[in-house]
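# Summary of the model geometry
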2 protein chains.
Amino acid sequence: MKKLEKITPQNDDFARWYTDVIQNGDLMAYGASKGSIIFKPLSFGIWDNIRLTLDKEFKKVGVQNVNLPLLIPESLLAKEKDHLEGFNPELATVTEVGGKKLSEKYYIRPTSETLFGDFFKNEISSYNDLPLIYNQWVNVLRWEKTTNPFLRTREFLWQEGHTMHSDGEEAKELTLKMLKIYKKFVNDYLAIPVIDGEKTEHEKFSGADFTFTIEAMMKDGKALQAGTSHYLGHNFSVPFDITFKNKDNKLEYAYGTSWGISTRLIGALIMTHGDDRGIIIPPKIAPTQVDILELFANKEPKVHNLALSIEKTLNKVGISTKIDDSDKGAGFKASNSEIHGTPLRIEIGPRDLAENRILLVRRDTLEKFHVSVDDVKETVKEMLNDIQLNLYSQAEQRLLNNLVEVHNLDDFKKAISEGHWVITNFAGNGEDEIKIKELTGASSRCIPFKLPIKLKDDKCFFSNKKTKKCVIFAKAY
Amino acid sequence: MKKLEKITPQNDDFARWYTDVIQNGDLMAYGASKGSIIFKPLSFGIWDNIRLTLDKEFKKVGVQNVNLPLLIPESLLAKEKDHLEGFNPELATVTEVGGKKLSEKYYIRPTSETLFGDFFKNEISSYNDLPLIYNQWVNVLRWEKTTNPFLRTREFLWQEGHTMHSDGEEAKELTLKMLKIYKKFVNDYLAIPVIDGEKTEHEKFSGADFTFTIEAMMKDGKALQAGTSHYLGHNFSVPFDITFKNKDNKLEYAYGTSWGISTRLIGALIMTHGDDRGIIIPPKIAPTQVDILELFANKEPKVHNLALSIEKTLNKVGISTKIDDSDKGAGFKASNSEIHGTPLRIEIGPRDLAENRILLVRRDTLEKFHVSVDDVKETVKEMLNDIQLNLYSQAEQRLLNNLVEVHNLDDFKKAISEGHWVITNFAGNGEDEIKIKELTGASSRCIPFKLPIKLKDDKCFFSNKKTKKCVIFAKAY
């Protein structure tokens, strides 16, 4: 068991707070190759729960899991020009094996549209073969210059869905359906509120006709793209020659989509809920939901028996637990539970035994409750539920409070520099977005589906052109 | 839905039979890069079931899942010389990113002992930190010259366990414990009998003190290594400086193990149970346990209602099903179910409705049974159980019948050329094993823990030296 180090307070330095809590919370270690991380049991446990939960939702809408190779032959990736250009600077390239140069280079997949394109071509011949709704849970590599654990690492884990349809409208609907599944999951399990919308032309995926996104707000006010869903139209079917015979026996190109979420959701979870004592994991996704701390058990062996009996009771109703029966002091054990983000802890000492009660401590509010041993099961269930809801509503309140309406560049700059998201009318193009980023550090996050605020103006804050298009800008991870 | 092609009979050409059934059974497609395969939904579903089942067993003995990076810096892999030499010719090497040469090369992991070594070094300081029992489910790459789908592919999926202990005996026990978990799983779920034992010095893992293995026999008589568990001793702790303070406050090197199974188990399953109609998937690992075929449903819509009601009944007791309500003929539907290896199928036609019965067809024996609709649930449950046991006992009988005792080189050659495994006394070394392989094509599979046959001699078949060491040799995948 590691010594607990001091955590930098969030308000002093949010970036240092982040690296302090993920290391103290035993979430990760730095990998041997630069920009890579090791997922330790706690963070991998969260990812495993994300995978298991989301995979069930996918299967309900007919998604089938497959697994495609890691390496993309050079010639294959070059088939879709925008796509190649978008990813080229970040491509890790295999050029030799056992010291001998290969005749063709291979890229480690940064994403797999081209591999799926090549696969789909051979799988599809008639409208009867469609739709194909495939997904894979894999690792991908993008050689990023600046990295940040979980949020932006050279290698990350994700799921990438890839589909083909005989009908463009059906494909568009699926793009939206998958985004809704992401939104519901991120809301309900990770307790993270998001704003859903469409990316601007400038921010869309390299190779997509359009990209939908869910955007989350971290505690420092920065935005984090939490999941995306892309309508690819014919962009991959044409270069990969993915055609099908329609009902009139005529050849048509199929319509594609792709969509993904990644291990950066773990970073999002930490920066949405964590506090100065460490991380806080929402109960519905926590690998351990309740820590059971034995206090002064060396003086009273019955403490251990009660801990075991409570563990059994809770496990029976599907609540996961971990007993701390180490010889550390009470204060250490409490801090240790807090720093690992376990949503609820139970403390059992010799005095509690006599009174047939235990102490419950919530991780989110730090409130303490004495509870009769007989009521433990029901109280824990209710409290876990309450913690889940409380984490969500706190984050939602913060999101709404931190969203500022602006209508000129000065107000825009001021709001962004104060850590706000801005919502504004915007009629600009990609070049304008690049200028805005240079001036303010903010990028466009999305054109929201539903306006969270009714705007008081209809002129572009940047060009003054009349426009009803409403865009959210923020600094982002 | 694809047209079904003719399958080459097993006895005509086993290798062609294998590629015929895996392609007809929609298990895989060839990937864009040479030597790689795409896991289609059926084979990935089997792998997912393997992962979920085995992961539960791992957790029962305290295994924790982690995830380490894909890339190994050149300098790191070079730290253990035998290990590097063993893998060097097969290492895919990343030398550039976005067209620019890197200052250090990276290898794509062929296995992760070195990465874990580097990780463990920083995690361990005292005996209190031990044991560490970690595992990861990941992809690895070995640039094989000759490949065969599932059995030997350049990229494959596997789990690799890596542990460190304060005590060598404890580490050795764990090595054995994990092999037992593999054996039980392969027996009980994949219905594959195995012989467990130790690898010879020549065949052990590059970097291990000794390697335990389970060896399975395919229908063509060849052996397949189905799982291995290695005792690493100090081989990685010394070069990686993995030390701990013992109870006397003195520094000691920790003791390591590693163990793994891979997607080649899917190949093993196919070549153990498949027949001339296609693959046969054991019920306990099958993604779909029962196909429900609607026959002539266009003439009698009630057929579909009965199919739905039976599906519901079976799903309720945890039996997975798939309904075929396509407009194909009865013969096509039956072949289609057989070729995909579904262990049991139910056929429902208009005549059955009138008699309140359905037809059950076992995939393993092809036996047909009329069953009253009221008895479907119980009969299906029993029959799935029976199929599982029957597949195992057929394979076990074959294994025992095909194991031949020999005591001289001529008999050895003859037995191997006839497709047998041989069991014999052997006192030779690695050079002898290389010669034997050149002469006969057979390699040593293991020194069995328990002799399946009591040997009649105690002289080495190759050197005539007196020895009690008993070794199994066979041609192998």
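Conventions and cut-offs
- Residues numbered from 1 in each chain as written.
- Chains lettered and ligands numbered in written order.
- Predicted model: local features only at pLDDT ≥ 70, side-chain atom pairs only at ≥ 80, totals over all residues.
- Heavy atoms only, no water.
- Helix = DSSP H or I, 4+ residues; strand = E, 2+ residues; numbered from the N terminus.
- Contact = heavy atoms within 4.5 Å.
- Pairing = 2+ DSSP bridges.
- Axes fitted to C-alpha atoms, helices over the stretch in contact; angles between N-to-C directions.
- Least-squares fit on C-alpha atoms with pLDDT ≥ 70 in both.
- Domains from an automatic or database assignment.
- Patch = residues over 30% accessible without salt bridge, like charges linked within 9 Å, V, L, I, M, F, W, Y side chains within 5 Å.
- Areas by Shrake-Rupley, 256 points an atom, 1.4 Å probe, with all protein chains shown as cover.
- Salt bridge = Lys/Arg side-chain N within 4 Å of Asp/Glu carboxyl O.
- Lys, Arg positive; Asp, Glu negative; His and termini not counted.
- Charge placed at Lys NZ, Arg CZ, Asp CG, Glu CD.
- Buried < 20%, exposed > 50% of the residue type's maximum accessible area, 1.4 Å probe, protein only.
- Buried area = accessible area lost by both parts, 1.4 Å probe.
- Nonpolar A, V, L, I, M, F, W, Y, C, P; charged D, E, K, R; others polar.
- Arc of directions from axis to C-beta.
- Polar contact = N/O pair within 3.5 Å; in protein donor to acceptor, adjacent residues only side chain to side chain.

So, on to the environment of A:Lys284. Mapped onto the fold, A:Lys284 is located in the loop between helix H8 (264-273) and strand E15 (290-294). Filtering out sequence-adjacent residues up to four positions away, A:Lys284 remains in contact with A:Asp188, A:Tyr189 and A:Gln388.

Residues and elements named next belong to chain A. Strand order in the open sheet formed by 5 strands is E16-E15-E17-E18-E19, with mixed pairing between adjacent strands. Each end of this open sheet is capped by a strand with a single partner; those strands are strand E16 (321-324) and strand E19 (368-372). Strand-to-strand twist across the sheet, computed as the mean angle between neighbouring axes with direction ignored, equals 25 degrees. The sheet contact formed by E15 and strand E17 (residues 344-348) spans 5 bridges and is parallel.

The operation relating the pair of chain copies consists of a rotation about an axis and a translation along that axis. At an RMSD of 0.0 Å, chain B and chain A line up after a rotation of 180 degrees and a shift of 0.0 Å along the axis. The two molecules are tied by a two-fold rotation axis, judged by turn and shift. No C-alpha of chain B approaches the rotation axis more nearly than that of B:Val94, which lies at 2.1 Å.

Looking at chain A, the domain boundaries give domain 1 (14-273), domain 2 (290-384) and domain 3 (403-474). Each of domain 2 of chain A and domain 3 of chain A was reduced to a C-alpha centroid, and the two centroids are 49 Å apart.

Time to look at a positive patch on the surface. Residue and element names in this part refer to chain B. Judged by side-chain charge, Lys312, Lys316, Lys377 and Lys381 come together as a positively charged surface patch. When you line up the elements, lysine 377 lands in helix H12 (residues 376-401). A relative accessible area of 32% places lysine 377 in the partly exposed class.

If you look at the interface, chain B gives 54 residues, while chain A gives 54 residues. When the area that chain B buries against chain A is broken down by residue, the three leading residues are B:Pro41, B:Asn67 and B:Trp143, summing to 13%. Taken together, chain B and chain A are joined by 6 salt bridges. Between B:Glu96 and A:Lys105 there is a salt bridge, with the nearest N and O atoms lying 2.8 Å from each other. Residue composition of the side of chain B that touches chain A, by class: 30 nonpolar, 11 polar and 13 charged. Here strand E5 (residues 92-97) of chain A runs beside strand E5 (residues 92-97) of chain B; their pairing, made up of 5 bridges, is antiparallel. Within E5(B), the position partnered with A:Thr93 by the bridge is B:Glu96.

What follows is about helix H13 (residues 409-417) of chain A. Residue and element names in this part refer to chain A. Turning to H13, its buried residues number three or more, namely Phe412, Ala415 and Ile416. Down the axis of H13, the smallest arc covering the buried residues is 95 degrees, so these residues share one side. Residues Asp410, Lys414 and Ser417 are exposed on H13 and point more than 90 degrees away from its buried face. Elements that come into contact with the buried residues of H13 comprise strand E20 (403-405), strand E21 (421-425), helix H14 (430-440) and strand E23 (470-474). Here H13 starts with a cap whose side-chain oxygen sits 3.1 Å from the backbone nitrogen of aspartate 410, and that cap is asparagine 408. The first or second residue beyond H13 is glycine 419, which carries a positive phi of 90 degrees.

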